[in-house]
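Chains, contacts and geometry: an overview
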Amino acid sequence: MSDPLRHWGATKQNRKMKIGIAGIGGLGTMGIKLSAALGHEVVAISKSDQKEALAREKGATHYVNTSDYKSINPHNDSIDLILNTICAPHNLSTYLGLLRTNGTLVQLGAVTAPMELGQFALMSQRKSIAGSVVGGMKALQECVDFCVEREIYPDIEIVDGSKVEEVYCRLMDGNSSAVRYVLDIDASFK
């Protein structure tokens, strides 16, 4: 999460941006926390109102429900950078409409199916779609140091192997708790 923030200029001193975080799960909540800690205006973006309170608790300034045009309209053409953590097929055109001219949508969630996209939304305002994964060791260490200094930690739940099916069901239902599940291998074999 920190590497795309750094690459697209969000870590530059005295630079204030409006950053959207699409997908309010484990990775998305870290994006909210990091962007807020960097002093940016943060827009949490999700497909329902279910995670609004959670997103605001994590540091989001605004919340957009992509299923409600009244929620989308005030933020159209206003976001500099959207970090898209959604790993299921979805319509990218909705997110591109939120970007301002020269804005960038960065794909962080790996969607295995091809995604359809109308090109006009990109061409008319020089909007871009990019992808990113974890940066190198130096970037990772900088992120860890930043998080420790500001006491930013991921929301996790440690589970053993007996809970894998339950966790899978929670994730398929939308991960309403927005936690990252960590499998404790040792405990799984006891």
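Okay, so let's go over this structure. (Residues numbered from 1 in each chain as written. Predicted model: local features only at pLDDT ≥ 70, side-chain atom pairs only at ≥ 80, totals over all residues. Heavy atoms only, no water.)

**Some remarks on the pairing of strand β4 (residues 79-84)**
Burial within β4 is extensive, with 5 of its 6 residues counted as buried. Bridge analysis of strand β1 (residues 18-22) against β4 gives 4 bridges, and the strand direction is parallel. Its bridge partner lying in β4, Gly 20 is registered against Ile 82. Judged from the 5 bridges that link them, β4 and strand β5 (residues 99-107) form a sheet pairing that is parallel. Residue pairing across strands places Ile 79 opposite Leu 99, the latter belonging to β5. Note that the unit made of β4, helix α5 (residues 92-98) and β5 has a crossover that is right-handed. (Buried < 20%, exposed > 50% of the residue type's maximum accessible area, 1.4 Å probe, protein only. Helix = DSSP H or I, 4+ residues; strand = E, 2+ residues; numbered from the N terminus. Pairing = 2+ DSSP bridges. Right-handed = clockwise from strand over helix to strand, strands pointing away.)

**Looking at the pattern of salt bridges**
Taken as a whole and assessed by the stated rule, the structure comprises 11 salt bridges. A salt bridge links Glu 52 to Arg 56; the shortest N-O distance between them is 3.1 Å. With Glu 52 and Arg 56 both in helix α3 (residues 52-58) and 4 residues apart, this pair spans about one turn of that helix. Judged by relative accessible area, which is 26%, Glu 52 ranks as partly exposed. (Salt bridge = Lys/Arg side-chain N within 4 Å of Asp/Glu carboxyl O.)

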